[in-house]
Amino acid sequence: MPLQIMKLAIAAVTAVTTSPDVAKFFYTLTSTLTGPTTLTIDAADFFDNTGAAVTTLPALATNNSYFNVYINGVLQMQGLSVYTPGTTTVGSLAINVPAGSDILVGSPVVLEIVNFTPTSSTTVET
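The model shown is predicted, which means the values in this text are computed figures rather than measured ones. (Residues numbered from 1 in each chain as written. Predicted model: local features only at pLDDT ≥ 70, side-chain atom pairs only at ≥ 80, totals over all residues. Heavy atoms only, no water.)

## Notes on the sheet that holds strand β7 (residues 81-84)
The strands that make up a sheet pair up through hydrogen bonds in the backbone, lying either parallel or antiparallel.
1) Next: A sheet is described by the order of its strands in space; here three strands give the open sequence β3-β9-β7, paired in antiparallel fashion. With one partner strand each, in any of the chains shown, β3 (37-42) and β7 form the two edges of the open sheet. Neighbour-to-neighbour, the strand axes of this sheet turn through a mean angle of 15 degrees, independent of strand direction. (Pairing = 2+ DSSP bridges. Helix = DSSP H or I, 4+ residues; strand = E, 2+ residues; numbered from the N terminus. Axes fitted to C-alpha atoms, helices over the stretch in contact; angles between N-to-C directions.)

## A closer look at unusual backbone geometry
Most peptide bonds are trans, and most residues other than glycine sit at a negative phi.
1) Next: With omega at 5 degrees, the peptide bond leading from Gly-35 into Pro-36 counts as cis.
2) Next: Summarising the element assignment, Pro-36 is placed in the loop between β2 (33-34) and β3.
3) Next: Residues other than glycine seldom take positive phi values, yet Asn-63 does so here, at roughly 60 degrees.
4) Next: If you check the backbone angles, Asn-72 has positive phi at about 55 degrees while not being a glycine.
5) Next: Position of Asn-72 relative to the elements: it lies in the loop between β5 (65-71) and β6 (74-75).

## Considering the layout of surface pockets
1) Next: Its volume calculated, the largest pocket comes out at about 170 Å³.
2) Next: What lines the largest pocket is simply Ile-71, Asn-72, Gln-76, Leu-80, Ile-95, Asn-96, Val-97, Pro-98, Ser-101, Asp-102 and Ile-103. (1 Å grid on protein atoms, 1.4 Å probe; cavity = no way out; pocket = protein on both sides within 12 Å on 5 of 7 lines; lining within 4 Å. Points joined across faces, edges and corners; volume = space filled by probe spheres on them.)

## Things to note about the nonpolar core
1) Next: One finds Phe-46, Leu-57, Val-69, Leu-93, Val-109 and Leu-111 to be the most contacted residues of the largest nonpolar core, which totals 21 residues.
2) Next: Put simply, the parts of the chain that give this core at least two residues each are β1 (11-28), β3, β5, β9 (92-97) and β11 (108-125).
3) Next: If we skip the residues at most four places from it in the chain, Leu-57 touches Phe-25, Ala-43, Phe-46, Tyr-83, Thr-84, Pro-85, Gly-86, Gly-91, Ser-92 and Leu-111. (Core = buried A, V, L, I, M, F, W, Y, C linked by side-chain atoms within 4.5 Å. Buried < 20%, exposed > 50% of the residue type's maximum accessible area, 1.4 Å probe, protein only. Contact = heavy atoms within 4.5 Å.)

## Considering the packing of aromatic side chains
1) Next: Enumeration according to the criterion identifies five aromatic pairs in this entry.
2) Next: Geometrically, the ring pair formed by Phe-26 and Phe-47 is stacked, given 5.8 Å between the ring centres and 25 degrees between the ring planes. Here Phe-26, found in strand β1, pairs with Phe-47, found in the loop between β3 and β4 (56-57); they are 21 residues apart in sequence, far enough to count as distant.
3) Next: Using a relative accessible area of 34% as the deciding quantity, one classes Phe-47 as partly exposed.
4) Next: For the pair Tyr-66 and Phe-116, a centre-to-centre distance of 6.2 Å together with 40 degrees between the ring planes defines the contact as tilted. Taken together, the residues Tyr-66 in strand β5 and Phe-116 in strand β11 connect sequence positions 50 residues apart.
5) Next: Within the aromatic cluster, the residues linked to one another by ring pairs are Phe-25, Tyr-27 and Phe-46. (Phe/Tyr/Trp six-rings, centres within 6.5 Å; stacked < 30°, edge-to-face > 60°.)

So, in structure tokens, the structure goes:
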């Protein structure tokens, strides 16, 4: 008999589930801003879906998360915002308002944080 590679003859099935964890934070502008300027919103200035004050902005899971910023209901370009997770005086959202752009008093700013928690299970069939 010639030499041959010996290997296991098995079959396996892997199921992957990705569950999003979505958090939304809200802020209302207290004065009109005209660019160029930066609007920095501290964690404590946001309120959550229930209207409660926020004390901490969540961390972004490495390679499994993203954030969106909406101003007056319009999704903004990612490069305009810098998100910093953390507690009051640490956690914040900074929005660069370019020259020629305005954000009017009373405009809502919505910060949406999406973290994914992937799980997997493998079943080996005999």
